[in-house]
Amino acid sequence: MDEKIIEGKMFINGKWKPGKNYFDVVNPFTDEVIGRIPTADDKDIENTIDAAVSAFQISKSLTAYERARLLEEVSKKIDENQKELSKLISLESGKPIRYALGEVKRAVETFKFASIEAKEIYGEVIPMDAAERGKDYFGFYIRVPKGVILAITPFNFPLNLVAHKVAPAIASGNSVILKPASVTPLISLKLIDIFENAGLPQGVLNILFGAGSEVGMKLVKDDRINMVTFTGSLAVGETIKREAGFKTVTLELGSNSAVVVEDVEDLPGVVDRLIVGAFAYSGQVCISVQRIYVNRKLFDDFLTLFVEKTKKLKLGNPLNPETDIGPMITTSETTRAMEWLEEAKSKGAKVLTGGKNEGNIIFPTVLTNVSKEMRVIKDEVFAPVVSIVPYDNFDEALKLADETKYGLQAGVYTKDVNKIFKAVDTINVGGLILNDFPTFRVDHMPYGGVKKSGMGREGLKYAVEEMTEIKLVVIKRQKR
Ligand code: NAP
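Chains are numbered independently. Their residues run from 1 in the order of the written sequence. For this predicted model, a pLDDT threshold of at least 70 governs which residues receive local features, and a threshold of 80 or more governs which side-chain atom pairs are given and counted, while totals over whole chains, interfaces and linings are taken from all residues. As a rule here, side-chain values come from all non-hydrogen atoms in the structure, and water together with hydrogens is ignored.

This part takes up the packing of helix α3 (residues 82–93) against helix α4 (residues 97–118). Axis definition: a line fit to C-alpha positions, over the contact stretch in the case of helices; interaxial angles, taken between N-to-C directions, run 0 to 180 degrees. Secondary structure elements are defined from DSSP: runs of H or I of at least 4 residues count as helices, runs of E of at least 2 residues count as strands, and each element is numbered from the N terminus. Between α3 and α4, the shortest axis-to-axis distance is 8 Å and the interhelical angle comes to 125 degrees. Considered as vectors, α3 and α4 are oriented oblique to each other. Here α3 runs over α4; the crossing is right-handed. In this structure, α3 uses Gln-82, Leu-85, Ser-86, Lys-87, Ile-89 and Ser-90 to contact α4, whose residues at the interface are Ile-97, Ala-100, Leu-101, Glu-103, Val-104 and Lys-105. Within the contact of α3 with α4, the residues separate by chemical class into six nonpolar, three polar and three charged. Any angle from 65 to 115 degrees is called roughly perpendicular, while one under 35 is roughly parallel, one over 145 is roughly antiparallel, and all others are oblique. In this scheme the handedness of a crossing depends on how the near helix is turned from the far one: anticlockwise by less than a right angle means left-handed, clockwise means right-handed. When checking whether two residues touch, look at their non-hydrogen atoms; a contact exists if any pair is within 4.5 Å. Residue type decides the class: Asp, Glu, Lys and Arg count as charged, Ala, Val, Leu, Ile, Met, Phe, Trp, Tyr, Cys and Pro as nonpolar, and the leftover types, Gly among them, as polar.

Written as structure tokens, this is what we have:
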């Protein structure tokens, strides 16, 4: 066997375990096999759930100091291995190396923030005697971990989105089963390795691989699991919600993020920023800029500049530090996005640049003349395709931005404070970003969607809230 091929194992109850059947991990740029990963069978799933259930007795009795120290150590080790980790992300996901490095740096912070949150899990005293019947009662609550948390993660941020689930789960004393995306499992293996070296207690974090619809679904349905934290597509999120039964479910799903450009001082600067928002990682980001509404007064200049600058983006090998646009994650995703472009063209969309592919690389594509019924507008395009639409009336533009089944983040550029308030009132999203792109995220802010973009919030403090229960204690005074 080629020595560059990574031979993976499952990690169950603190031990690395080979499997009976394996699947290949393929570099989407070269089509080379770079890893072989075991598919969990029923026995592996059973053993993992057993391990996580018993390890909960360990994880819940770790002190805040111990949980924080473990997470701090993981953060440090990721920091020390930035180069190796970003290369691995780039190889398995096709993400251009500078964006992969950006993801690793964010994961360093995510674990660091989690280590801080581990020490900040507070309860509250309840003034019981505020009620007539509360005289002589003293009440307070504490936050306790939920139990076994199942983390199911997508391909597009294969390290930092795993971090967003594993880190707060451990910070708050839960045990974890991780099922990463089948196309990008290798970086999760590295993360488990790092955890093991950082002193992970046995069974507290386990990893299984295999098709989400098989392995993932079996785990989702199991009653011994207390919470599913899922990031991925709307279709899978809906299935998980339906099948999860009586357990907590948080869903971080997709979007077709809009930005309204009403007035700007630095037009070239805004165009540069929105080009990054639209095309970074070939638009395969849940908060990619997909729809840009531009005040007609700025429209011609904006469009000319946008197309001119888009044409200068460098396409090619993701490992080249100069590369802006690498491949789509799979050939089927390339085909799907190209079909959506064909549909848009057949309904009258004009392609100003791009609109074609070479292998899995889709050229960054700018569309105008789009309409609401096209899939590139109403659904999540998840490819390097952006639509630019002029408007005459700011209120109308806000309505257009809001006219979608999704509601993750939106952006509005304006200096007028009254317009800012109007935007806050009109656009129904989890996060509204003023004077920057909707793609903005730092890892400790509350992050998540409304409508079909999901339910629940991530961002370490907020994820800890989702992953803990309030436990009330009431004491009745016996004597005065
Ligand atoms: P996906 O196809 O929904 O897969 C996500 C995960 O779910 C994978 O681990 C997958 O396993 C698993 N899965 C698939 N079917 C399942 C089932 N029936 N039961 C349980 N698990 C199942 O999503 P993706 O293509 O990897 O990621 C892209 C999507 O994620 C986009 O819609 C994007 O917007 C969204 N996303 C959202 C956020 C956010 O924070 N809101 C962030 C990033 C991405 P397999 O890989 O084995 O199929």
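With that settled, the discussion passes to the domain arrangement of the protein chain. Taken domain by domain, the protein chain comprises domain 1 (6–254 + 453–472) and domain 2 (258–437). The gap between the C-alpha centroids of domain 1 and domain 2 is 31 Å. Across the boundary between the two partners, domain 1 contributes 23 residues, which contact 30 residues of domain 2. The rule for a salt bridge is simple: a side-chain nitrogen of Lys or Arg has to be within 4 Å of a carboxyl oxygen of Asp or Glu. The interface formed by domain 1 and domain 2 includes one salt bridge. Put simply, Asp-324 and Arg-98 hold a salt bridge, and the shortest N to O gap is 2.2 Å. N or O atoms closer than or at 3.5 Å make up a polar contact, with two conditions inside protein: a donor-capable atom paired with an acceptor-capable one, and, for residues adjacent in sequence, both atoms drawn from side chains. The interface formed by domain 1 and domain 2 includes seven residue pairs in polar contact (both at pLDDT 80 or more). The set of elements that each furnish at least two residues to the side of domain 1 that touches domain 2 consists of α3 and α4. Here the element with the most residues in the side of domain 1 that touches domain 2 is α3; it accounts for five residues. The split of the chain into domains comes from an automatic or database domain assignment.

Attention shifts here to the packing of aromatic side chains. Two aromatic rings, taken as a pair, are described by how far apart their centres are and by the angle between their planes. Pairing of aromatic rings covers Phe, Tyr and Trp, the last through its six-membered ring, and needs centres within 6.5 Å; plane angles under 30 degrees mean stacked, over 60 mean edge-to-face, and all others mean tilted. Scanning the model with the defined rule gives seven aromatic pairs in all. Taking the centre distance of 6.2 Å and the plane angle of 50 degrees together, the rings of Phe-138 and Phe-140 count as tilted. Think of it in three bands: with a 1.4 Å probe and only protein chains considered, a residue is buried below 20% of the maximum accessible area for its type, exposed above 50%, and partly exposed in between. Judged by relative accessible area, which is 43%, Phe-138 ranks as partly exposed. In this structure Phe-140 comes out as partly exposed when scored by relative accessible area, which is 25%. An angle of 85 degrees between the planes, with centres 6.1 Å apart, marks the rings of Phe-155 and Phe-382 as edge-to-face. With Phe-155 in the loop between β8 (148–152) and α5 (160–171) and Phe-382 in the loop between α12 (375–378) and β19 (385–391), the pair connects residues that are 227 residues apart, well separated along the chain. In terms of burial, Phe-155 and Phe-382 fall into one category: buried. The structure contains a cluster of three or more aromatic residues connected by ring pairs, namely Phe-155, Tyr-281 and Phe-382. Whether a charge lies above a ring is judged from NZ of Lys or CZ of Arg, which has to be within 6 Å of the ring centre and within 35 degrees of the ring normal. Geometry around Tyr-281 places Lys-95 over its ring, the cationic atom sitting 4.8 Å from the centre.

It is worth spelling out the site of the ligand at this point. As a matter of local geometry, the ligand sits amid 30 residues, with Thr-153, Ser-182, Ser-233, Leu-253 and Glu-380 nearest to it. A distance of 2.8 Å separates an oxygen atom of the ligand from a polar atom in the backbone of Thr-153. Contact distances for the ligand include 3.3 Å between an oxygen atom and a backbone N or O atom of Gly-232. The method behind every accessible area is Shrake-Rupley, applied with a 1.4 Å probe, and residues are considered shielded solely by the protein chains displayed. Calculation on the ligand without its partners gives an accessible area of 900 Å², and the protein chains cover 86% of this total. With four residues, helix α7 (residues 212–221) is the largest single contributor of residues to the shell around the ligand. When its residues are assigned to classes, the shell around the ligand shows 16 nonpolar, eleven polar and three charged. The nearness test applies per residue and asks whether one of its heavy atoms lies within 4 Å of the molecule or strand.

Okay, helix α11 (residues 331–346) next. For α11, with 16 residues, the first-to-last C-alpha span of 22 Å sits near the 22 Å given by 1.5 Å per residue. Turning to α11, its buried residues number three or more, namely Thr-334, Arg-336, Ala-337, Met-338, Trp-340, Leu-341 and Ala-344. Where α11 is buried, its residues meet β16 (357–358), β17 (361–362), β18 (365–368), α12 and β19. One or two residues past the end of α11 sits Gly-348, with phi positive at roughly 110 degrees. Expected helix span is computed as 1.5 Å times (number of residues minus one).

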